[in-house]
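Each chain, letter by letter, is given below.
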Amino acid sequence: MTMAVVISRASNRVFVGLPLCRNEVYLQIVRQFTFDVAKGRFLLSLFPKFLKAVVGPLIPWARRATRDASVYLTPIIEERQKKLKAMGDDWTDKPNDYMTWMIDEANREGQPTQVILEGLMVSNFTAIHTSSNSMTQAVYHIADSPEYAAILREEVESVVKEHGWTKVAFGKMWKLDSFMRESQRMNGITHISVMRKTLQDTTLSDGTFLPAGTIVAGASSATHRDARSYHNPDIFNPFRFADMRTEDGASIKHQFVSTSPEYVPFGHGKHACPGRFFAVNELKVMIGYTLLHYDLKFESGQPRPDNSSRWHSVVPPRKDVLFRKRQVVAA
Ligand code: HEM
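By convention here, each chain's residues receive numbers from 1 onward along its written sequence. pLDDT decides what is reported in this predicted model: residues at 70 or higher carry local features, side-chain atom pairs at 80 or more are listed and counted, and totals for whole chains, interfaces and linings draw on all residues regardless. Only hydrogens and water are removed before side-chain values are computed, so all heavy atoms of the structure are retained for them.

Novice: Describe in detail the coordination of the iron atom of the ligand, supporting the description with residues and values.
Specialist: Note that water is not among the atoms considered, so a metal site may appear incomplete; the donors listed are N, O and S atoms within 2.8 Å of the metal, with 3.2 Å applied to Na, K and Ca. Of all protein atoms, C273 (SG) alone acts as a donor to the iron atom of the ligand, lying 2.3 Å away. Inspection of the secondary structure assignment puts C273 in the loop between α11 (240–247) and α12 (276–293). Secondary structure follows DSSP: runs of H or I at least 4 residues long count as helices, runs of E at least 2 residues long count as strands, and numbering of each begins at the N terminus.

Here it is, written out as structure tokens:
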């Protein structure tokens, strides 16, 4: 929950900008929305297919959260639409955030305010739970292994000194990128990924026949622990992918954002997560900043406990982490 608070605020800095991204009531609504959607989906899954269309519209939670968020979002959307109409391309200080991009796109497509509103809610749904889970796992690994923290900190310090907190800088943080990619490999968010439904009868290359309407998914946890793809797959090796990148002529295929049949935390193929480029940079800012400004450790000084599973979700353990402000901050 702590990370959901941090992520909702950081993500909304980009989604809707200041000052709304610091409005605690609005942030509480969008966080609640992510739980409401999950709760609604679970409830709906208990009903047979023919009843879903009847029951779905009766589940109130997500719609209520959207209505509550609308009180904050709709006036801003309408205000921006008014200015766009009045000034067009002459609006020099037009906000450069996700909401404005959505407004521009909706105008191009002739879509109403409600579509922009729902788009913002869906973006919050996709961003908050996933990224807070990833951040929690990364923080646990740092608290567990101060020796890795020291190496990562050195990298972040030297890159930020030369390039500032820029996109170019994040591209140069190979060790941090590798650490996060390895954390996702070992932990992930779900045990399955790349879930698809066959729209027509399909025969796979090995002869497996899938009738139309079959739901298939990749076994991500098993894939990520496969010794044919990963040396010592059960060992957390934070710099595994940075080493592979060095050995492989700086290949981009070992970057955190890169997906493959062997690496599916962001899915793979046509429907691979489009938000991963944003999520990876957001996580790098947060972890980099945390490393530069804080020392972390588990309260009890014990090793990190294991994840548990709920349905096909990976659930990080609940464990307090102590943050102590560093005495010397270089960047
Ligand atoms: C660490 C953070 C994230 C993780 C681990 C993650 C993971 C995933 C996964 C596994 C999928 C399914 C891909 C597939 O089936 O091939 C997905 C889809 C998607 N994600 Fe993410 N995601 C993250 C962050 C985000 C963010 C920040 C956004 C938007 C701002 C986002 C937007 C989406 C959307 C729109 C889809 C659906 C894509 C489609 O069906 O074509 N995600 N994500």
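Once the structure has been displayed, the description carries forward.
Novice: Go over the packing of aromatic side chains with me, naming the residues and quoting the values.
Specialist: For any pair of aromatic rings, the description consists of the separation of the ring centres together with the inter-plane angle of the planes. When two rings of Phe, Tyr or Trp (its six-membered ring) have centres within 6.5 Å they constitute a pair, described as stacked for plane angles under 30 degrees, edge-to-face for angles over 60, and tilted for the intermediate range. Counted under the stated rule, the structure contains 14 aromatic pairs. Judged by centre distance (6.3 Å) and plane angle (55°), the rings of Y26 and Y72 are tilted. With Y26 in helix α2 (residues 24–45) and Y72 in helix α4 (residues 61–87), this residue pair connects regions lying 46 residues apart in the sequence. Residue Y26 is classed as buried on the basis of its relative accessible area of 0%. The buried label applies to any residue whose accessible area, calculated with a 1.4 Å probe on protein chains only, is under 20% of its type's maximum; exposed applies above 50%, and partly exposed to all values in between. Given the relative accessible area of 25%, Y72 is considered partly exposed.

Novice: Please set out the nonpolar core residue by residue, giving values where relevant.
Specialist: Generally speaking, a soluble globular protein has its nonpolar side chains buried in company with each other. Side-chain atoms within 4.5 Å link the members of a nonpolar core, which is a set of buried Ala, Val, Leu, Ile, Met, Phe, Trp, Tyr and Cys residues. Counting residues in each nonpolar core, the largest one holds 38 residues, and the members touching the most others are M135, M173, L176, F179, I287 and L291. Elements with a minimum of two residues in this core: α1 (2–15), α6 (113–144), α7 (146–163), α8 (167–172), α9 (174–186), α12 and β5 (294–298). Domain borders in the structure are assigned automatically or taken from a domain database. Counting the residues that make up this core, at least three belong to each of domain 1 (1–144) and domain 2 (146–331). Any two residues whose heavy atoms approach within 4.5 Å at even a single point are treated as in contact. What M173 contacts, discounting residues up to four positions off in sequence, is E155, V156, V159, V160 and K284. Core analysis: the second largest hydrophobic core is formed by 25 residues, L73, L84, M99 and I116 among them.

Novice: Report on a nonpolar patch on the surface, specifying residues and quantitative values.
Specialist: A grouping of M1, V5 and F35 is seen on the molecular surface, where their side chains present a nonpolar patch of about 300 Å² in accessible area. Within the secondary structure layout, V5 lies in helix α1. A relative accessible area of 33% places V5 in the partly exposed class. Patches were defined on residues exceeding 30% relative accessible area and lacking a salt bridge, with like-charge contacts within 9 Å and nonpolar side-chain contacts (Val, Leu, Ile, Met, Phe, Trp, Tyr) within 5 Å. Note on areas: Shrake-Rupley, 1.4 Å probe, and residue coverage restricted to the protein chains presented here. Any carboxyl oxygen of Asp or Glu that lies within 4 Å of a side-chain nitrogen of Lys or Arg is treated as forming a salt bridge with it.

Novice: How would you summarise α12 if you had to cite specific residues and measurements?
Specialist: Here the expected length of a helix is defined as 1.5 Å per residue gap, with one fewer gap than residues. With 18 residues, α12 should reach 26 Å at 1.5 Å per residue; the first-to-last C-alpha distance of 25 Å fits that figure. Burial runs high along α12: 13 of the 18 residues are buried.

Novice: Which residues make up unusual backbone geometry, and what are the values?
Specialist: Omega for the peptide link from L18 to P19 comes to -5°, which places this bond in the cis form. Within the fold, P19 resides in the loop between α1 and α2. The backbone of V194 shows a phi angle near 50°, a positive value even though the residue is not glycine. By the secondary structure assignment, V194 is in strand β1 (residues 192–197). Non-glycine residue W311 carries a positive phi angle of around 60°. Considering the arrangement of structural elements, one finds W311 in the loop between β6 (308–310) and β7 (313–315). W311 gets classed as exposed once you look at its relative accessible area, which sits at 59%.

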